[in-house]
Amino acid sequence: MSLWTSADAAAATGGESTTVWNAQGVSIDTRTIKPGDLFVALKDVRDGHDFVAQALEKGAAAALVSHRPEGVQDNAPLLIVPDVLTALADLGRAARTRTTARIAAITGSVGKTSVKEMLRTVLSKQGKCHAAEASYNNHWGVPLTLARMPADADYAVIEIGMSNPGEITPLSQMAQPHVAMVTTVAAAHLASFDNLAGIAVEKACIMDGLLPRGLAVLNADIETSHILQDHAAEMGAKTILFGEKGRDWMVEDVRLTGDVTIINASHGEQHYLFKLSVPGRHFALNAVGVLAVTHALGADPVAASLDIAGWVPPAGRGTREIIATDDANDESLELLDDAFNANPTSLAASLEVLAASKPTNNVGRIVKGRKIAILGDMLELGDDEVAMHRDMAGNVHLQQADLIHCAGPLMHHLWQALPEAKRGKWAETAQELVSQTPRLVDAGDVVLVKGSKGSKVSLIVDAIRKLGHRRPQED
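Residues numbered from 1 in each chain as written. Predicted model: local features only at pLDDT ≥ 70, side-chain atom pairs only at ≥ 80, totals over all residues. Heavy atoms only, no water.

Caption draft 1: Layout of helix H7 (residues 196-204). Within the sequence span of H7, burial applies to Ile-199, Ala-200, Glu-202, Lys-203 and Ala-204. Tucked into the core, H7 has its buried residues touching strand S8 (102-107), helix H4 (112-123), helix H6 (168-175), strand S11 (179-182) and helix H8 (225-235). At the N-terminal boundary of H7, the capping side chain belongs to Asn-195, with an oxygen 3.2 Å from the backbone nitrogen of Ala-197. (Buried < 20%, exposed > 50% of the residue type's maximum accessible area, 1.4 Å probe, protein only. Helix = DSSP H or I, 4+ residues; strand = E, 2+ residues; numbered from the N terminus. Contact = heavy atoms within 4.5 Å. Polar contact = N/O pair within 3.5 Å; in protein donor to acceptor, adjacent residues only side chain to side chain.)

As structure tokens, this is what we get:
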């Protein structure tokens with residue numbers, strides 16, 4: 001069964017197809033393109049038209065272009081449109097129109113990708129579920145996700161992000177969700193907004209595309225929740241609240257027990273006791289929100305509460321790994337890879353996980369296992385970024401860490417505010433810490449690496465992995 005025929009794609013975009021073709025998928029990257037994909041020649045850092053010939057050589061069914069690129073044969077299968085990005089959006093809208101899938105749209109300052117993956121995990125057990133394989137949540141990612149959606153999907157989960165005002169509404173209107181969820185509102189991308197309330201106003205726009213009688217699943221515990229709830233009322237959406245006290249979906253108890261999180265929750269008279277295969281109070285709150293979305297979509301939340309144990313965080317978002325450093329002596333360290341994103345809220349959540357961890361004594365050079373944080377700059381926090389970094393020194397969970405290494409000019413303010421006994425290394429860049437990695441950590445340690453993607457602390461994650469080899473979690 002084709003995802004797109006040349007006739008359907010031409011009708012959706014108003015373009016002209018040079019030949020008859022059938023596409024099984026949609027791709028924007030020749031590095032990962034599969035035979036039978038429609039290659040979309042977007043312009044970004046490089047012009048996708050420069051790669052059309054390569055895409056066709058790799059078996060692309062056709063290419064979506066604004067002109068015939070040089071070096072492409074006259075009989076090449078092309079769909080020629082005035083503007084490629086606009087045409088991709090047209091494909092996305094057409095895919096949305098032809099499906100009967102129940103659709104959830106997810107946004108939030110923290111946790112939207114994890115929630116998307118949780119929903120994929122549980123909904124895939126109850127039907128055919130479509131969701132992007134990566135964080136495709138912007139002006140090209142959302143239409144790409146929709147354009148890839150099979151017409152016979154039962155469920156779809158669309159992640160929608162933003163970095164500036166005005167970005168969420170058109171994407172929500174394109175997705176036309178039955179259910180919209182806001183995970184939380186926190187100081188992320190604050191450089192583009194006057195305050196936290198401004199971020200909440202933008203996040204509330206996830207509801208602007210809701211279908212009639214749509215449902216809004218909202219975090220009731222945050223200080224800006226009233227902004228979200230007021231917008232839901234304006235849109236005529238039914239509000240479903242999740243959180244810790246007096247909510248529709250209530251988190252009654254959360255226990256972090258080393259490798260897992262045990263959650264006790266309730267919805268009306270129904271009680272749920274379930275677990276996540278990763279530690280994290282923030283994951284627990286999102287998991288209860290996932291049950292609320294599942295129920296709102298018409299799926300079974302009881303089954304979802306059992307199936308959610310199969311979810312693990314995406315790479316760089318709290319993934320737990322055991323790095324075997326010496327197999328002969330059964331020595332290892334535990335790595336918490338949270339190097340993809342950071343703001344004060346998500347850092348506090350990750351530090352709580354570190355605080356609840358249990359290092360191993362009597363191994364390695366140091367003998368005493370330690371809780372170590374390696375922290376990179378939190379970016380796009382606006383005018384108060386220095387204070388936000390410095391004030392993290394007062395975080396109760398950070399104070400339970402044995403040693404804190406820092407990278408970046410902003411994290412230098414935190415490093416200076418630390419007690420000398422907890423102050424590890426500081427460097428201007430993460431790259432400068434890479435060569436020191438063998439001296440920063442040791443067998444028996446639990447090591448959290450956290451920072452915004454732009455801080456490049458993922459380089460340190462890679463360096464820690466190279467100290468040994470990854471051991472399956474079940475070991």
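Caption draft 2: Region of interest: the sheet that holds strand S2 (residues 16-17). If you trace the five strands from one edge of the open sheet to the other, you get S2-S7-S6-S5-S4, paired in mixed fashion. Each edge of the sheet is formed by a strand with only one pairing partner; in this case those strands are S2 and strand S4 (25-27). As paired elements, strand S6 (residues 62-65) and strand S7 (residues 78-80) share three bridges and run parallel to each other. What sits directly across from Leu-64, in S7, is Leu-79. Helix-sheet contacts for helix H3 (residues 84-98) involve strand S5 (37-40) and S6, and the interaxial angle to S6 is about 120°. (Pairing = 2+ DSSP bridges. Axes fitted to C-alpha atoms, helices over the stretch in contact; angles between N-to-C directions.)

Caption draft 3: Representation of unusual backbone geometry within the structure. Located in the positive-phi region is Gln-176, a residue other than glycine, with phi close to 45°. Mapped onto the elements of the fold, Gln-176 is located in the loop between H6 and S11. For Gln-176, a relative accessible area of 29% gives the class partly exposed. The phi dihedral of Arg-213 is positive, around 65°, even though this residue is not glycine. When you line up the elements, Arg-213 lands in the loop between H7 and strand S12 (215-219).

Caption draft 4: Structural view of the nonpolar core. One finds Leu-123, Phe-274 and Leu-276 to be the most contacted residues of the largest nonpolar core, which totals 42 residues. Per-element accounting of this core gives the leading share, ten residues, to helix H9 (residues 281-296). Apart from residues lying up to four places away in sequence, Leu-276 is in contact with Met-118, Val-260, Thr-261, Ile-263, Phe-283, Ala-284, Ala-287, Ile-308 and Trp-311. (Core = buried A, V, L, I, M, F, W, Y, C linked by side-chain atoms within 4.5 Å.)

Caption draft 5: Fine view of the packing of aromatic side chains. Applying the stated rule across the entire model yields three aromatic pairs. Geometrically, the ring pair formed by Tyr-136 and Trp-140 is tilted, given 5.4 Å between the ring centres and 55° between the ring planes. Taking the relative accessible area as the measure of exposure, Trp-140 reaches 22% and is therefore partly exposed. Seen in terms of ring centroids, Phe-283 and Trp-311 are 5.2 Å apart; in terms of plane orientation they differ by 75°. Their pairing is edge-to-face. Of this pair, Phe-283 sits in helix H9 while Trp-311 is found in the loop between helix H10 (301-307) and strand S17 (319-326), placing the two residues 28 residues apart along the sequence. Comparing Phe-283 with Trp-311 shows no difference in burial state: the two are buried. One cation-aromatic arrangement involves Arg-98 over Trp-4; the distance from NZ or CZ to the ring centre is 3.9 Å. For Arg-423, the ring lying beneath its charged end belongs to Trp-415, and the centroid distance is 4.9 Å. (Phe/Tyr/Trp six-rings, centres within 6.5 Å; stacked < 30°, edge-to-face > 60°. Lys NZ or Arg CZ within 6 Å of the ring centre and 35° of its normal.)

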